[in-house]
Amino acid sequence: MHDDIQEILFSEEDIARIVRDLGERLSEDYRGLNPLVVCVLKGAAPFMSDLVRRMDIALEMDYMAVSSYGASSQSSGVVRIMKDLDIPVEGRHVLIVEDIIDTGLTLQYLMDILKRRNPASLKVVTLLDKPERRTEGLVPDYCGVRVPNEFVVGYGLDYAEKYRNLPYIGVLKREVYNA
Ligand code: PRP
Ligand code: MN
Ligand code: MG
């Protein structure tokens, strides 16, 4: 285990099981709909990559970058589009893929933008949900697992751009972000 990690919440095996279950559910629900699966960069990249390989249906993938946290551990409340989608959304069944929903600000903003582009449907799958921190009335359509209100990193989730490549999800030691 990495020196900066206090405790592992979800091992590689735990994550694989959660992702497989989500993939099965999504395959059933989206079969025949050729969904446009949208990865919210950068945090959702590892989850997206594993999830689509657990969906045995025709689908298309695209990427969007919006950032609200920057290099801080606190949300700034300011969400910026860094990269927009390449594929048109109109008439498509859009599935947004997130690694974690915290306050819900990022997703609320993103959904407002995409709704205005007239998708046939717009839903969200998140690997982790931290409902204690929610300020927006946002409930994910598909959720892997709930997490306590701790600073979690790994499997895409960063602190100041670090730890995204950890194969597990763990709690960051307090001394790392209070230093
Ligand atoms: C993180 C995370 C979610 C968002 C959740 O992204 O990946 O996208 O914050 O927080 P919220 O619900 O309070 O908006 P971040 O802005 O850190 O960008 P990143 O994915 O590039 O790390
Ligand atoms: Mn993110
Ligand atoms: Mg981040």
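- The name given to the chain in an unreviewed UniProt entry is Hypoxanthine phosphoribosyltransferase, with Novibacillus thermophilus as the source organism.
- UniProt lists a comment for the chain under the heading Subcellular location (unreviewed entry), and it reads "Cytoplasm".
- Turning to the chain, the UniProt record has this under Cofactor (unreviewed entry): "Mg(2+)".

**Considerations on unusual backbone geometry**
Next up, step 1: Residue Leu 41 is joined to Lys 42 through a cis peptide bond whose omega torsion reads -5°.
Next up, step 2: Following the sequence through the fold, Lys 42 ends up in the loop between strand E2 (36–41) and helix H2 (45–52).
Next up, step 3: Within the chain, Ala 160 stands out as a residue other than glycine whose phi angle is a positive 50°.
Next up, step 4: Within the secondary structure, Ala 160 sits in the loop between strand E8 (152–153) and strand E9 (169–172).

**Things to note about the nonpolar core**
Grouped burial of nonpolar side chains is what soluble globular proteins tend to show.
Next up, step 1: Counting residues in each nonpolar core, the largest one holds 41 residues, and the members touching the most others are Val 38, Val 40, Phe 47, Ile 96 and Val 97.
Next up, step 2: Setting aside anything within four residues of it in sequence, one finds Val 97 in contact with Val 37, Val 38, Cys 39, Val 40, Ala 44, Phe 47, Met 48, Leu 51 and Val 125.

**Section: the pairing of E2**
A regular strand places its side chains so that they alternate between the two faces of the sheet.
Next up, step 1: Counting buried positions over the 6 residues of E2 gives 5, a clear majority of the element.
Next up, step 2: As a crossover connection, the stretch from E2 through H2 into strand E3 (residues 60–67) is right-handed.
Next up, step 3: Of the strand pairs in this sheet, E2 and strand E5 (residues 93–101) are connected by 4 bridges, and their pairing is parallel. Counted as the bridge partner of Val 38 is Ile 96 from E5.

Rules of the game
Residues numbered from 1 in each chain as written. Chains lettered and ligands numbered in written order. Predicted model: local features only at pLDDT ≥ 70, side-chain atom pairs only at ≥ 80, totals over all residues. UniProt positions renumbered as here; feature names shortened; annotations may be inferred. Helix = DSSP H or I, 4+ residues; strand = E, 2+ residues; numbered from the N terminus. Core = buried A, V, L, I, M, F, W, Y, C linked by C-beta atoms within 7 Å. Buried ≥ 20, exposed ≤ 12 C-beta atoms within 10 Å, placed from the backbone. Contact = placed C-beta atoms within 7 Å. Right-handed = clockwise from strand over helix to strand, strands pointing away. Pairing = 2+ DSSP bridges.

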